[in-house]
Amino acid sequence: MPITPLKERPAWKALEQHRAEIGPRHLRELFAEDPTRGERLCAEAAGIYLDYSKNRITDETVRLLLQLAEESDLASRREMMFRGERINTSEGRPVLHVALRMPKGTSLVVDGVDVVAQVHEVLDRMADFARRIRSGAWTGHTGKPIRNIINIGIGGSDLGPVMAYEALRHYSRRDLTVRFVSNVDSTDLVEATRDLSAEETLFIVSSKTFGTQETLTNAHSARDWLVGQLGSEDAVAKHFAAVSTNAEKVAAFGIDTQNMFGFWDWVGGRYSMDSAIGLSTMVAIGPEHFAEMLAGFHDMDEHFRTAPLAANLPVLMGMLTVWYVNFFGVQSVGVMPYEQYLKRFPAYLQQLTMESNGKQVTLDGRTVDYDTGPVYWGEPGTNGQHSFYQLLHQGTRLIPVDLIGFGRSLNPLGRHHDILTSNVFAQAQAFAFGRSEEEVRAEGTAPEVVPHRVMPGNRPNNVLLAEVLTPRLLGTLVALYEHSVFTQGTVWNINSYDQWGVELGKVMANQIIPELESEPEPDLRHDSSTNNLIRRYRSLRA
């Protein structure tokens, strides 16, 4: 059913007028008018408390944003996703990452197949595999147990497992070395294997088609390294596993297909860390902790599916992003976890958000006449405070931020966590309220220095608080951002689940590779810049 173009929806037009009214207002003024604002503009679900009071909004803003969500058919599109309808229209596929974390015993039938039963069959096989590695029952070619796991993948087959491993390292087996190789730059693989013994190393090759160029290049070089150390092609079957659906190519590589773990076309790469792509995560933290992570995902799925829009965390966060992108011209959003274990979380979100909503056409192929996905980026606190927060506080660009904090540290040490958390609250306060010229003068600042020390404030931010980082909480947090992305994409009427922009560079690289490797001088027919660069590279390589 066609939906009204975005700019013609009544709520959009009302928000344009509302933006003109609220734009000049400062958060200092909004808080002064409403002493209970900080206690009202908040929501809580699945162990996450969201304070969104320090946004440039009023109750009317929230009402209009939620009206826009309703006019965008968010609720019905959400149900379409949970039912397994083919909302990935350009590829004709369902979008069912939510099925990856549905509890055993539940059912979701799509095209006559119970996909939840399929998911748990794979999860059970993964758990058996992980237990054999962790217990030492799995031995390598020379009879030694596996002590080193190297995941070879790229994109969603790398960013999710890397992030999850780093986030949950506290829960991991410390006698297992877990590393990740993604870049086709040979340095990545060489450094990952340099100090390891092949006798104790297992590679997990993650590629749905078993044809991803970067992944297979690394996999073949890893295979050469292994065979070179162990002296036998027979060693491959004891030192490689695959996350793939291409049994023929997996077997041709030398991997026993009993050690191949599949997933489905309805799992997008950036939504796959809780599928078989998470095999390295499961080996590192154990099947029980992996199951807890899945339960956390499901907690947020159910909240997103059932909670009223006004109390729905992903909806609120998604609509606030729409507010800033489309009515304030915001181009980027910062995510700052004040938890060192989440150091790779912003990098993970970059793919989740920008590969999903970096789109310029609507679902029916029309060019959009409004901005879509912003740039997501970030760094753990407090490191970022001594790096880019200067621009956030006093720069000329408006950049909303999410500040993520925890009530307890997994590694309590003296005053460290109180000092860390004080910075979460202080930065949120400083972004919102800044420091006025009068306040700076009252501190006795020299007149010529006053302008340099004024902080304008009025910089919007969300604060997300949870008790402690657990596997369950990590799943909840990732699902929160997944569904925020869904909310944004629904309003913008774009397909958040294809990624055709990833393909063009790959196709062009495949055309250039033989020109770089050719012994005779190739006949170059690119643009003058590309031709010149190829010639320069060939001379440097020679």
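Since this is a predicted model, take the numbers as computed values, not measurements. (Residues numbered from 1 in each chain as written. Predicted model: local features only at pLDDT ≥ 70, side-chain atom pairs only at ≥ 80, totals over all residues. Heavy atoms only, no water.)

> Help me understand the packing of aromatic side chains, please; the structure alone is not making it clear to me.
Pairs of aromatic rings are described using the distance from one ring centre to the other and the angle between the two planes. One pass over the full model with this rule turns up 20 aromatic pairs. Seen in terms of ring centroids, phenylalanine 31 and phenylalanine 433 are 5.1 Å apart; in terms of plane orientation they differ by 85°. Their pairing is edge-to-face. Pair noted here: phenylalanine 31 is in helix H2 (residues 27–33) and phenylalanine 433 is in helix H17 (residues 416–433), with a separation of 402 residues, a long-range link. Between the aromatic rings of phenylalanine 129 and tryptophan 138, the centroid separation amounts to 5.1 Å while the plane-to-plane angle is 70°, which identifies the pairing as edge-to-face. (Phe/Tyr/Trp six-rings, centres within 6.5 Å; stacked < 30°, edge-to-face > 60°. Helix = DSSP H or I, 4+ residues; strand = E, 2+ residues; numbered from the N terminus.)

> Just to check I follow, could you spell out the nonpolar core for this structure?
Counting 124 residues, the largest nonpolar core has Phe345, Leu474 and Tyr481 as its most contacted members. Those residues in contact with leucine 474 that sit more than four places away from it in its chain are Met163, Ala164, Ala167, Leu168, Met293, Leu342 and Leu469. Ile150, Ala219, Ala222 and Phe240 belong to the second largest nonpolar core, which has 25 residues in total. (Core = buried A, V, L, I, M, F, W, Y, C linked by side-chain atoms within 4.5 Å. Buried < 20%, exposed > 50% of the residue type's maximum accessible area, 1.4 Å probe, protein only. Contact = heavy atoms within 4.5 Å.)

> Mind showing me how you'd approach a nonpolar patch on the surface here?
Side chains of Leu504, Val507 and Met508 sit close together on the surface and give an oily, nonpolar patch of about 290 Å² of accessible area. Of note, valine 507 is situated in helix H21 (residues 503–517). (Patch = residues over 30% accessible without salt bridge, like charges linked within 9 Å, V, L, I, M, F, W, Y side chains within 5 Å. Areas by Shrake-Rupley, 256 points an atom, 1.4 Å probe, with all protein chains shown as cover. Salt bridge = Lys/Arg side-chain N within 4 Å of Asp/Glu carboxyl O.)

> Would you mind showing me how to read the pairing of strand E1 (residues 42–45) here?
Residues in a regular strand point their side chains to alternate faces of the sheet. The alternating pattern of E1 places Ala43 and Ala45 on a buried face and Cys42 and Glu44 on a face that is not buried. The antiparallel hairpin formed by E1 and strand E2 (residues 48–51) contains two residues in its connecting segment, where alanine 46 sits at a positive phi of about 55°. (Pairing = 2+ DSSP bridges.)

> What is the right way to read the pattern of salt bridges from this model?
Pairing is possible between side chains that carry opposite charge, provided their charged atoms lie close to one another. Within this structure, the stated rule accounts for 34 salt bridges. Across the pair arginine 83 and glutamate 85 runs a salt bridge whose closest N-O atoms are separated by 2.5 Å. Among the residues examined, glutamate 85 registers a relative accessible area of 31% and is labelled partly exposed. For arginine 101, the salt bridge identified is with glutamate 482, shortest N-O distance 2.6 Å. You can see arginine 101 sitting in the loop between helix H5 (74–83) and strand E3 (109–110) and its partner glutamate 482 sitting in helix H20 (residues 471–492), a full 381 residues away along the chain. It is possible to trace a salt-bridge network through shared partners that takes in Arg101, Asp274, Asp301 and Glu482.

> Quick question: what am I supposed to make of the sheet that holds E1 here?
Within a sheet, neighbouring strands are paired by backbone hydrogen bonds and run either parallel or antiparallel to one another. Ordered in space as E1-E2-E13-E12-E10-E11, the six strands form an open sheet in which the pairing is mixed. A strand with exactly one partner marks an edge of an open sheet, and here the two such strands are E1 and strand E11 (375–377). Going from strand to strand, the sheet's axes swing by 15° on average, the running direction of each strand aside. Relative to strand E12 (residues 401–406), strand E10 (residues 332–337) is paired through four bridges, and the arrangement is parallel. Counted as the bridge partner of glycine 334 is valine 401 from E12. Along the sheet, helix H15 (residues 345–357) makes contact with E10, E11 and E12, crossing E11 at roughly 165°. (Axes fitted to C-alpha atoms, helices over the stretch in contact; angles between N-to-C directions.)

> Any chance you could explain the packing of helix H4 (residues 59–71) against helix H14 (residues 313–327) here in plain terms?
Between two packed helices, both the angle of their axes relative to each other and the distance between the axes serve to describe the pair. Look at H4 against H14: their axes get within 10 Å of each other, and the N-to-C directions meet at 100°. Viewed along their axes, H4 and H14 adopt a mutual orientation that is roughly perpendicular. Note on element contacts: H14 touches H4 through Val315, Met319, Leu320, Val322 and Trp323, opposite Thr61, Leu65, Leu66, Leu68 and Ala69. Among the residues forming the contact of H4 with H14, the class breakdown is nine nonpolar, one polar and no charged. (Parallel < 35°, antiparallel > 145°, perpendicular 65-115°, else oblique. Nonpolar A, V, L, I, M, F, W, Y, C, P; charged D, E, K, R; others polar.)

> Even after reading the chapter, I still don't get unusual backbone geometry, so can you show me in this structure?
Most peptide bonds take the trans form, and the phi angle of most residues other than glycine is negative. Following glycine 381, the chain continues to threonine 382 via a peptide bond in cis, the omega torsion being 5°. Summarising the element assignment, threonine 382 is placed in the loop between E11 and helix H16 (389–394). A positive phi angle, near 55°, is found at aspartate 111, a position not held by glycine. Secondary-structure assignment places aspartate 111 in the loop between E3 and strand E4 (113–114).

> Where do I start with the sheet that holds strand E7 (residues 201–206) in this structure?
Across the sheet, five strands lie side by side as E6-E5-E7-E8-E9; this open sheet has parallel pairing. In the strand order of this sheet, the two ends are held by strand E6 (177–181) and strand E9 (260–261), each with one partner. Taken together, the five bridges between strand E5 (residues 148–152) and E6 define a ladder with parallel strand orientation. Paired with isoleucine 150 across the strands is arginine 179, a residue of E6. Contacting E5, E6 and E7, helix H7 (residues 156–167) crosses the sheet at an angle of about 150° to E6.

> Got a minute to help me understand the pairing of E10 in this structure?
With six of its six residues buried, E10 lies for the most part within the structure. Both faces of E10 are covered, namely the face carrying Ser332, Gly334 and Met336 and the face carrying Val333, Val335 and Pro337. Sheet topology places E10 next to E11; three bridges connect them, and they run parallel. Among the inter-strand pairings, valine 333 is bridged to a residue of E11, identified as tyrosine 376.

> What should I look at first to understand the environment of alanine 14 in this one?
With respect to the helices, strands and loops of the structure, alanine 14 is situated in helix H1 (residues 10–22). Residues alanine 14 and aspartate 234 lie 220 residues apart in sequence; the distance between their C-alpha atoms is 69 Å.

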